[in-house]
Amino acid sequence: MKQERIGVYVCHCGSNIAGTVDVGQLSSWAADALEKRGVVVARDYKFMCSSLGQELIKSDIVELSLTRVVVAACSPHLHEKTFRTACQQAGLNPYLMEMVSLREHVAWVHSDKALATQKAKALISGAVERVALHEPLDPISVPIEATTLVVGAGISGIQAALEIADAGQKVVLVEREPSIGGHMAQLDKTFPTLDCSACILTPKMVTVGSHPNINLLTWSEVEAVDGFVGQFTVTIRKKARYVREDVCTGCGICMEKCPSKLIDQVYEAGLGYRSAIYRPFPQAIPKYPVIDKANCIYFQRGKCKACQLFCPTTPNAIDFEQEDQILQLTVGNIILATGYDLFDARRIPQYGYGRLANVFSSLEFERLCNAAGPTEGKILLRDGVSQPESVGIIHCVGSRDRNYNNYCSAICCMQSLKFAHLVKERTGAKVTNFYIDIRTPYKDYDEFYQHVLQEKVEFVRGRVAEVTDAARRPGEEGKLIIQVEDTFIGKQRRIPVDMVILSAGIEPRHDSKEVSRKFGISCNGSGFFTELHPKLDPVATMSKGIFIAGCAQGPKDIPASVVQGAAAAARVLGTIQQKSLDLEPVLAQVIDQKCSGCRICSNLCPFNAIGFDLERQISTINPALCQGCGTCVSACPSHAISGTQFSTEQILAQLHGLLAESFNGNGARTQSPAFSQAELV
């Protein structure tokens, strides 16, 4: 068999690798010791990923007729595509290149230079053995359906939908609530500019509701997702509103006449009331109300129909016989912008929320401040009459706390500073902020912090231990007492206030793990959707064609959510404009003659890529869905599934190269592998 001509390229990565590995010795060793294994050139360069480093590889491929390339540098996750592209530009099939992770697997985990260099030699030796068995591959091309599904219509989902629709492409925007807008629709002011939230959001909502390229499905949920990038088949349940959208004018008479009144636990955070037929808020899009079946007198008792009796439209817009609709759509890409849940402060009983009357959650305070809220923007105590003369704001409620959530929620500091300013502005009350650290890292945020300091807002550094109404000292009667250790003075303090605001943190949606399984993506340990790469690709996921945006990916404020929504839209538009997409050909393949039809692999595939051919009674793999993870390869009891570029022969060859006993001083193989394929299985 003709011996391959292999080039080995070792990167210094500045001092990342060269500081721990003797790269000069490594490249000299590869040229000499591995010459008999096919290595015809070995070089080291300071930054192999640079244009000059790539040119070095490309010129060698052409001038030395290289048939295989080994690059010893950083993680393939970071630069494999870079070096594959360089090989392709030089006329070499990009899949005839193998990367060795010297930075992550050697330099960053070892301190002994001699041992690190020895390990690097073993890894390069294994890569040389392996790359000789690589096969040229061609990407799999799939057509792209131009319509995009956006799930979740908060500010991030709205931004993504508008970006795509304004570019002339069709969008299906699905929202589980009766109106779009998400949490932002509940806010009063937005930091640091103190713009009215509704003034910013409402124009975008109106544009979404009337955009010719957006099919808006509110009061709807995605039930199933099948298919693959470019050709997803999505099943959507459009829940019955019991209001005919083609007839309703949104006049609101039905809501006025409904005799069933209940506390609004969602939009008004429990501070206001709504009827059983309701529109979440005055600027809601769409304008059509929805009947709350669980609290409607007619659905509970079979009597009433006041909404229908007073409805002025002809034909009548109220339809008690309306049923859910099941829609099936084909889309090319999906953007998940499903948002977040606020931490429930009741989980920290020592703060008294739900037990002490004048302890408010951050969302409750937002509704108090809002001119369209239950108090018309007046900051009042629970009695609905008294204004507070002193207010305590507790930061990081449920965040940066190993008992609840270890992570920072990104919004709490600025949210609390905004609350302090609004209290000062509207009541003149004394305000004390209780914080762990103040984090104001973005544009104009620290300027806002300095402004609040100038307003004579007090700051106490220390985690609050307790909020109680048990008076111990004069002046504490009828007050809420905040017990805290002031870490600046090293003393315990008891600070009496009239009102306490708990700045609750951001949590993943309660059903995020269920949603992730439905869409074939994953969640991190906290429950937020996992991105493809936290730095280089924070909007894509491991499932091709599915993108994430906003707080579904992790805690962030409104500007960051808007940016990520636009970024996800840009990625989708780039895919649509290509009209077809080349997929990675590194995937699993079924060996028909060996498959027994046991279907063990089908139940294990995390990407639902494995089907079953009933006629032939064997498993089949959809190449557009397969991500080449290898789960099925390792699980198949008949060894009937092979992984492209990860065949048993290739893995054995790499192991053989890794074992120092397999080579003598000049690099010649001294014996056959210590174990054969038959012995291995």
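The structure presented is a predicted model; accordingly, all values stated were derived computationally and were not measured. (Residues numbered from 1 in each chain as written. Predicted model: local features only at pLDDT ≥ 70, side-chain atom pairs only at ≥ 80, totals over all residues. Heavy atoms only, no water.)

**Overview of the packing of helix α6 (residues 155-166) against helix α15 (residues 558-578)**
At a minimum axis separation of 8 Å, α6 and α15 run at an interaxial angle of 35 degrees. As α6 packs across α15, the resulting crossing turns out to be right-handed. Side by side, α6 and α15 meet where I155, S156, Q159, A160, E163 and I164 of the first sit next to I558, S561, V562, G565, A566, A569, V572 and L573 of the second. Across the contact of α6 with α15, the residue classes break down as 9 nonpolar, 4 polar and 1 charged. (Axes fitted to C-alpha atoms, helices over the stretch in contact; angles between N-to-C directions. Helix = DSSP H or I, 4+ residues; strand = E, 2+ residues; numbered from the N terminus. Left-handed = near helix turned anticlockwise from the far one by under 90°. Contact = heavy atoms within 4.5 Å. Nonpolar A, V, L, I, M, F, W, Y, C, P; charged D, E, K, R; others polar.)

**Side note on the nonpolar core**
If you look at the biggest cluster of nonpolar residues, it comprises 76 residues, and the most contacted ones within it are L149, V222, I334, I335, L336 and F519. Among the elements that make up this core, the one with the highest residue count is α6 (7 residues). Once residues lying within four places of it in the same chain are set aside, the contact partners of I334 are L149, V151, V225, F232, V234, F519, G545, I546 and F547. By size, the runner-up hydrophobic cluster in this structure holds 42 residues, among which are V70, L96, M97 and V106. (Core = buried A, V, L, I, M, F, W, Y, C linked by side-chain atoms within 4.5 Å. Buried < 20%, exposed > 50% of the residue type's maximum accessible area, 1.4 Å probe, protein only.)

**Examining the domain arrangement of the protein**
With domains assigned, the protein is organised as domain 1 (6-137 + 647-680), domain 2 (140-239 + 324-339 + 511-583), domain 3 (253-310), domain 4 (345-507) and domain 5 (586-643). Facing 16 residues of domain 2, the contacting portion of domain 4 comprises 24 residues. Taken together, both faces of the contact between domain 2 and domain 4 bury some 1600 Å²; the carbon and sulfur share is 67%. Interface area lost by domain 2 to domain 4 is led by D188, F191 and P192, which between them contribute 36%. For the pair domain 2 and domain 4, the interface holds 1 salt bridge. For D188, the salt bridge goes to R426, with nearest N and O atoms at 2.9 Å. Seen at the junction of domain 2 and domain 4, the total is 6 residue pairs in polar contact (both at pLDDT 80 or more). (Domains from an automatic or database assignment. Buried area = accessible area lost by both parts, 1.4 Å probe. Salt bridge = Lys/Arg side-chain N within 4 Å of Asp/Glu carboxyl O. Polar contact = N/O pair within 3.5 Å; in protein donor to acceptor, adjacent residues only side chain to side chain.)

**Things to note about the pairing of strand β12 (residues 231-238)**
With 8 bridges joining them, strand β11 (residues 220-228) and β12 adopt antiparallel strand pairing. The residue of β12 that forms the bridge with E221 is R237. (Pairing = 2+ DSSP bridges.)

**Here we look at the sheet that holds strand β26 (residues 491-497)**
With antiparallel pairing, 3 strands are arranged side by side in an open sheet as β24-β25-β26. Among the strands making up the open sheet, the edge pair consists of β24 (464-468) and β26. Averaged over all adjacent pairs, the angle separating strand axes in this sheet is 20 degrees, with direction ignored. With 4 bridges joining them, β24 and strand β25 (residues 480-486) adopt antiparallel strand pairing. Looking at β25, one finds that T468 is bridged to I481.

**Things to note about the sheet that holds strand β7 (residues 171-174)**
The strand order β10-β7-β6-β18-β29 describes an open sheet built from 5 strands, whose pairing is parallel. The strands lining the two open edges of the sheet, one partner per strand, are β10 (214-217) and β29 (546-548). Averaged over neighbouring strand pairs, the angle between their axes works out to 20 degrees when direction is ignored. In the sheet, β7 pairs with β10 via 4 bridges, with the strands oriented parallel. By the bridge assignment, L173 is partnered in β10 with L216. Across the sheet, α15 is in contact with β6 (148-151), β18 (333-336) and β29; its angle to β18 comes to roughly 175 degrees.

**Considerations on α15**
For α15, spanning 21 residues, the distance from its first C-alpha to its last is 31 Å, which sits close to the expected 30 Å at 1.5 Å a residue. When we look at burial in α15, the residues that qualify are S561, Q564, G565, A568, A569, V572, L573, T575 and I576. Looking at the buried residues of α15, the elements they touch are β6, α6, β18, β29 and β30 (580-583). Positioned one or two residues after α15, K579 has a phi angle of 70 degrees, which is positive. (Expected span 1.5 Å × (residues − 1).)

**Description of a nonpolar patch on the surface**
A cluster of nonpolar residues, F646, I651, L655 and L658, forms a patch on the protein surface that exposes about 300 Å² of accessible area. Secondary-structure assignment places I651 in helix α18 (residues 648-658). You can call I651 partly exposed: its relative accessible area is 32%. (Patch = residues over 30% accessible without salt bridge, like charges linked within 9 Å, V, L, I, M, F, W, Y side chains within 5 Å. Areas by Shrake-Rupley, 256 points an atom, 1.4 Å probe, with all protein chains shown as cover.)

**Describing the confidence of the model for the protein**
Across the protein, the average pLDDT comes to 92, with 97% of residues at or above 70. Between residues 661-681, whose pLDDT stays under 50, and residues either more than four places distant or in other chains, the model counts 36 contacts. (pLDDT = per-residue confidence, 0-100.)

**So, helix α11 (residues 362-369)**
Buried residues dominate α11, accounting for 8 of its 8 residues. All of the buried residues along α11 are S362, L363, E364, F365, E366, R367, L368 and C369. Close packing links the buried residues of α11 with β8 (189-190), β19 (340-342), β20 (359-361), α12 (412-427) and β27 (499-504).

**Some details on the pattern of salt bridges**
With the rule as written, the count across this model stands at 33 salt bridges. Note that D60 and R43 form a salt bridge whose closest N and O atoms lie 2.6 Å from each other. Here D60 is found in helix α2 (residues 51-63), whereas its partner R43 is found in strand β2 (residues 39-45), with 17 residues between them in sequence. The exposure class assigned to D60 is buried, which follows from its relative accessible area of 3%. On the basis of relative accessible area, R43 is assigned to the partly exposed category, the value being 32%.

**Some words on the environment of P374**
Structurally, the position occupied by P374 is in the loop between α11 and β21 (390-397). Leaving out residues up to four positions away in the same chain, P374 has contacts with E268, L271, G272 and R367.

**Here we look at the environment of D582**
Summarising the element assignment, D582 is placed in strand β30. The class of D582 is exposed, set by a relative accessible area of 51%. As for D582 and L659, which are separated by 77 residues in sequence, their C-alpha atoms are 37 Å apart. Among residues more than four places away in sequence, those in contact with D582 are P139, I140 and S141.

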